[in-house]
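Each chain, letter by letter, is given below.
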Amino acid sequence: MTIKNKYFSVEEANSFIPKLLIDIPRIQSLMKRLVCEYPDVRKAREKAQFNGGSLQGVDYINCVLQINSLTEGLESKGCVLKGIKYGLVDFPSLREGKEVYLCWKNPEERIEYWHDIQSGFAGRQRI
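This structure is a prediction, so every number in the text was calculated from the model and none was measured.

Q: Tell me about the overall build of the chain, and please be specific about residues and values.
A: A tally of helices and strands in the chain yields 4 helices and 5 strands. Residues counted as buried form 35% of the 127 residues belonging to the chain. Across the chain, contacts joining residues at least 24 apart in sequence account for 46% of those joining residues at least 6 apart. Accessible surface for the chain amounts to roughly 8,000 Å². Of this, 53% is attributable to carbon and sulfur atoms.

Now the structure itself:
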């Protein structure tokens, strides 16, 4: 759950970068595991209407719970996780009285870009 009306300065957002450099690759790795390491779960899901099951189910659920914990940890601080695949995280901010996002992409070492809320990553501009 994202904190409503929390705005970050560039300095505040930059203080999160060390954590993001650890957590985002971890989330990406866990997501890759969900796709690649649990083919039995996909089969069980397809057979669910026939009461199918999977021996991998517990491991799969543990992987999902780890992803949820990591993403909720970031979002509870006010970060907005925009894309796991590309490691995109936005930080709500105010620029000239207008709400914008400070934009970070893994593995950037600091916040160097911002964009309008509507324009998204494609509208990134240097700070």
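Q: Break down the packing of aromatic side chains for me, with residues and values.
A: Each aromatic ring pair is characterised by the separation of its centres together with the angle its planes make. Per the counting criterion, the structure on display carries 3 aromatic pairs. Summarising the aromatic geometry, the rings of F8 and F16 are spaced 5.6 Å apart at their centres and angled 80° between planes, so their arrangement reads as edge-to-face. Accessibility classification places F8 together with F16 in one group, the buried group. Judged by centre distance (5.9 Å) and plane angle (50°), the ring pair of F16 and F91 falls under tilted. Linking F16 in the loop between helix 1 (10–14) and helix 2 (17–36) with F91 in strand 2 (residues 88–95), this pair joins segments that are 75 residues apart in sequence. Taking relative accessible area as the criterion, F91 reaches 0% and is therefore assigned buried. If you follow K6 out to its NZ or CZ, it ends over the ring of F8, 4.7 Å from the centre. Here R124 stacks its cationic end above the ring of Y113, 3.9 Å away from the centre of that ring.

Q: I'd like a description of the side chain of D23, backed by residues and values.
A: Locating D23 in the fold gives a position in helix 2. When its relative accessible area of 8% is taken as the criterion, D23 is described as buried. For D23, the side chain forms a polar contact with the side chain of K19, separated by 2.8 Å.

Q: Can you lay out the sheet that holds strand 4 (residues 113–116) for me, pointing to particular residues and giving the numbers?
A: Strand order in the open sheet formed by 5 strands is 1-2-3-4-5, and the pairing between neighbours is antiparallel. Unpaired on one side and paired on the other, strand 1 (80–83) and strand 5 (125–126) mark the two borders of the sheet. Strand direction decides the pairing type here: strand 2 and strand 3 (residues 98–105), joined by 8 bridges, are antiparallel. Looking across to strand 3, one finds that L94 is bridged to E99.

Q: Break down the pairing of strand 4 for me, with residues and values.
A: Pairing analysis gives 4 bridges linking strand 3 to strand 4, with the strands arranged antiparallel. Residue pairing for strand 4: C103 is matched across the bridge by Y113.

Reading the values: the criteria
- Residues numbered from 1 in each chain as written.
- Predicted model: local features only at pLDDT ≥ 70, side-chain atom pairs only at ≥ 80, totals over all residues.
- Heavy atoms only, no water.
- Helix = DSSP H or I, 4+ residues; strand = E, 2+ residues; numbered from the N terminus.
- Buried < 20%, exposed > 50% of the residue type's maximum accessible area, 1.4 Å probe, protein only.
- Contact = heavy atoms within 4.5 Å.
- Areas by Shrake-Rupley, 256 points an atom, 1.4 Å probe, with all protein chains shown as cover.
- Phe/Tyr/Trp six-rings, centres within 6.5 Å; stacked < 30°, edge-to-face > 60°.
- Lys NZ or Arg CZ within 6 Å of the ring centre and 35° of its normal.
- Polar contact = N/O pair within 3.5 Å; in protein donor to acceptor, adjacent residues only side chain to side chain.
- Pairing = 2+ DSSP bridges.

Coordinates in, geometry out; function isn't part of it.
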